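Spelled out from the first residue to the last, the chains are:
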Amino acid sequence: MVMPLALMEKTVNKKVSLLLKDNRVLEGKLTGYDEYMNMVLEDTEERNADQVRRLGTVILRGNNVVSISPF
Amino acid sequence: MVMPLALMEKTVNKKVSLLLKDNRVLEGKLTGYDEYMNMVLEDTEERNADQVRRLGTVILRGNNVVSISPF
Amino acid sequence: MVMPLALMEKTVNKKVSLLLKDNRVLEGKLTGYDEYMNMVLEDTEERNADQVRRLGTVILRGNNVVSISPF
Amino acid sequence: MVMPLALMEKTVNKKVSLLLKDNRVLEGKLTGYDEYMNMVLEDTEERNADQVRRLGTVILRGNNVVSISPF
Amino acid sequence: MVMPLALMEKTVNKKVSLLLKDNRVLEGKLTGYDEYMNMVLEDTEERNADQVRRLGTVILRGNNVVSISPF
Amino acid sequence: MVMPLALMEKTVNKKVSLLLKDNRVLEGKLTGYDEYMNMVLEDTEERNADQVRRLGTVILRGNNVVSISPF
Amino acid sequence: MVMPLALMEKTVNKKVSLLLKDNRVLEGKLTGYDEYMNMVLEDTEERNADQVRRLGTVILRGNNVVSISPF
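In this report, we go over the structure that sits alongside the text. (Residues numbered from 1 in each chain as written. Chains lettered and ligands numbered in written order. Predicted model: local features only at pLDDT ≥ 70, side-chain atom pairs only at ≥ 80, totals over all residues. Heavy atoms only, no water.)

Observations concerning the packing of aromatic side chains
Here comes step 1: Scanning the model with the defined rule gives 0 aromatic pairs over all chains in all.
Here comes step 2: One Lys or Arg, Lys-15 of chain B, reaches over the ring of Phe-71 of chain B and ends 4.9 Å from the middle of that ring. (Phe/Tyr/Trp six-rings, centres within 6.5 Å; stacked < 30°, edge-to-face > 60°. Lys NZ or Arg CZ within 6 Å of the ring centre and 35° of its normal.)

Below, the structure written as structure tokens:
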């Protein structure tokens, strides 16, 4: 079995795609997280149908996150 | 009686269909979960009326999940 | 007095109708629950005005449930 | 002073009117409750402007309840 | 300093106006409360622009309350 | 570093502007608060584009507050 | 690994951009925070497409925050 936080641990320093509750999609390198699934992303980009917005380093509150996909 | 988490346990490595609060439907192999019903899915697909989107491995936060149906 | 969880206990293996927060109505046999009112239903059907959708076995998160009516 | 749960206790086996968060109004006999204000109602009716729907016995999750009025 | 619950205590048996999250305004005599700001109101009235609805005694769940104004 | 509750403490008996989740703006003298950021305001006014409504003393539940600005 | 609160700590007295749940964007100097991600900002500005509103010192409740970007 793969515990969710164990997969987070293995994903540190790898690129992830995040879906937020407000339907925004963020991509970036996961550099940290805590037990509430708060996360630190680096080189973060917000991707829309026709747009990329560079956000750099971002601290994300876990309760806004729907899903995390390692690349 | 079948406790909900006991059924989760029995469903590990089997295919499930998930309904999320935002009405998205995900299908994939459940490879892990924790006591908050955070889950790890592999070979995940998001299915709409006329579309399948491949998401690969996904970590899902339990508080966005409405229901889990083992296949 | 009838404690809510005591009535849940008496309802195990009986048919129930559930109202969810998103206004969906599910009917099925309650085969398990826990203290968060997470539930396991079998032979579950989602009923709309003009439609029945068979869902089979379903694990439901309690925080999406408004009310539970034993038949 | 009248503590809210003490008034719940005194209202057991009496008829109540409940307002839910989704604006539905339920009337029925309160036969039980717990410290989360989960409740058991019997002979429950949902009342709209022009309609009465009989629901029989209902287990209600407290976090959907706005207010409880003893008759 | 006036602690919020200390002001609640001083307001027992006095008339209050409550604003709920769904924008309803209730007026009544506060006869009790607990640490979750659940409250008991007596002689409660719901007041709209052009209407008064008598609700009598009401148990209110605190998490639906925005603000409490003693008269 | 300025801890949020330490700044609340220093703001007692001073005028503040509050933004609530429902976008209402309240101004008044902060006379008390607790660790949940429940607050007591005196001489409270609700300010809209073209209107001032006097609310007098108000107990506010912290979970409806977005931000607090000392004047 | 960079823990989210450790990055908050390193960001004290630096300028940040905050995205709130209601889609407002605030910029200011982070002068404090606590474990709930409540924050104190100084020289805060709310930025819209075509507008800057000066808010000065602001205490923000953490549960309204989606993400924090150090400049």
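Notes on the arrangement of the chains
Here comes step 1: As for chain E relative to chain C, no contact occurs, and the smallest C-alpha gap between them is 15 Å.
Here comes step 2: Without any contact between them, chain B and chain F keep their closest C-alpha atoms 19 Å apart. (Contact = heavy atoms within 4.5 Å.)

A short note on unusual backbone geometry
Here comes step 1: Backbone geometry at Asn-13 of chain A places phi at a positive 75 degrees, although glycine is not the residue there.
Here comes step 2: In this structure, Asn-13 of chain A sits in the loop between helix H1 (4–11) and strand E1 (15–20). (Helix = DSSP H or I, 4+ residues; strand = E, 2+ residues; numbered from the N terminus.)

Quick notes on H1 of chain A
All names here are of chain A.
Here comes step 1: Among the residues making up H1, those that are buried are Pro-4, Leu-7, Met-8 and Thr-11. The arc that holds the buried residues of H1, viewed along the axis, is 105 degrees, so those residues lie on one side.
Here comes step 2: Trailing H1 by a residue or two, Asn-13 shows a phi angle of about 75 degrees, which is positive. (Buried < 20%, exposed > 50% of the residue type's maximum accessible area, 1.4 Å probe, protein only. Arc of directions from axis to C-beta.)

Regarding the interface of chain D and chain E
Here comes step 1: If you look at the interface, chain D gives 18 residues, while chain E gives 19 residues.
Here comes step 2: Surface buried jointly by chain D and chain E totals about 1,500 Å² across both partners, of which 63% is contributed by carbon and sulfur atoms.
Here comes step 3: Looking only at chain D, the three residues that lose the most surface to chain E are Met-1, Pro-4 and Val-66 of chain D, adding up to 33% of its buried area.
Here comes step 4: In this assembly, chain D and chain E are joined by 0 salt bridges.
Here comes step 5: Inspection of the chain D/chain E interface yields 7 residue pairs in polar contact (both at pLDDT 80 or more). (Buried area = accessible area lost by both parts, 1.4 Å probe. Salt bridge = Lys/Arg side-chain N within 4 Å of Asp/Glu carboxyl O. Polar contact = N/O pair within 3.5 Å; in protein donor to acceptor, adjacent residues only side chain to side chain.)

As for a positive patch on the surface
Here comes step 1: On the surface, Lys-21 of chain A, Lys-21 of chain B, Lys-21 of chain C, Lys-21 of chain D, Lys-21 of chain E, Lys-21 of chain F together with Lys-21 of chain G cluster together to form a positively charged patch.
Here comes step 2: By relative accessible area, which is 45% here, Lys-21 of chain E ends up partly exposed. (Patch = residues over 30% accessible without salt bridge, like charges linked within 9 Å, V, L, I, M, F, W, Y side chains within 5 Å. Areas by Shrake-Rupley, 256 points an atom, 1.4 Å probe, with all protein chains shown as cover. Lys, Arg positive; Asp, Glu negative; His and termini not counted. Charge placed at Lys NZ, Arg CZ, Asp CG, Glu CD.)

Topic: the environment of Leu-20 of chain E
Here comes step 1: Structurally, the position occupied by Leu-20 of chain E is in strand E1 (residues 15–20).
Here comes step 2: Residues Leu-20 of chain E and Val-66 of chain E, spaced 46 residues apart in sequence, show a C-alpha to C-alpha distance of 5.3 Å.
Here comes step 3: Aside from chain neighbours lying at most four places away, what touches Leu-20 of chain E is Val-66 of chain D together with Leu-26, Leu-60, Asn-64, Val-65 and Val-66 of chain E.

What about the interface of chain F and chain E?
Here comes step 1: Taken together, the contacts link 20 residues of chain F with 19 residues of chain E.
Here comes step 2: The largest contributions to the chain F side of the interface with chain E come from Ile-59, Arg-61 and Asn-64 of chain F, which together make up 42% of the buried area.
Here comes step 3: On inspection of chain F and its partner chain E, the count reaches 0 salt bridges.
Here comes step 4: For the side of chain F that touches chain E, the secondary-structure elements that each account for two or more residues are strand E2 (25–33), strand E3 (39–48) and strand E4 (51–60) of chain F.
Here comes step 5: By residue number, the principal contributor to the side of chain F that touches chain E is E4 of chain F, which donates 5 residues.
Here comes step 6: Bridge analysis of strand E5 (residues 65–70) of chain E against E4 of chain F gives 2 bridges, and the strand direction is antiparallel. Within E4 of chain F, the position partnered with Ser-67 of chain E by the bridge is Leu-60 of chain F. (Pairing = 2+ DSSP bridges.)

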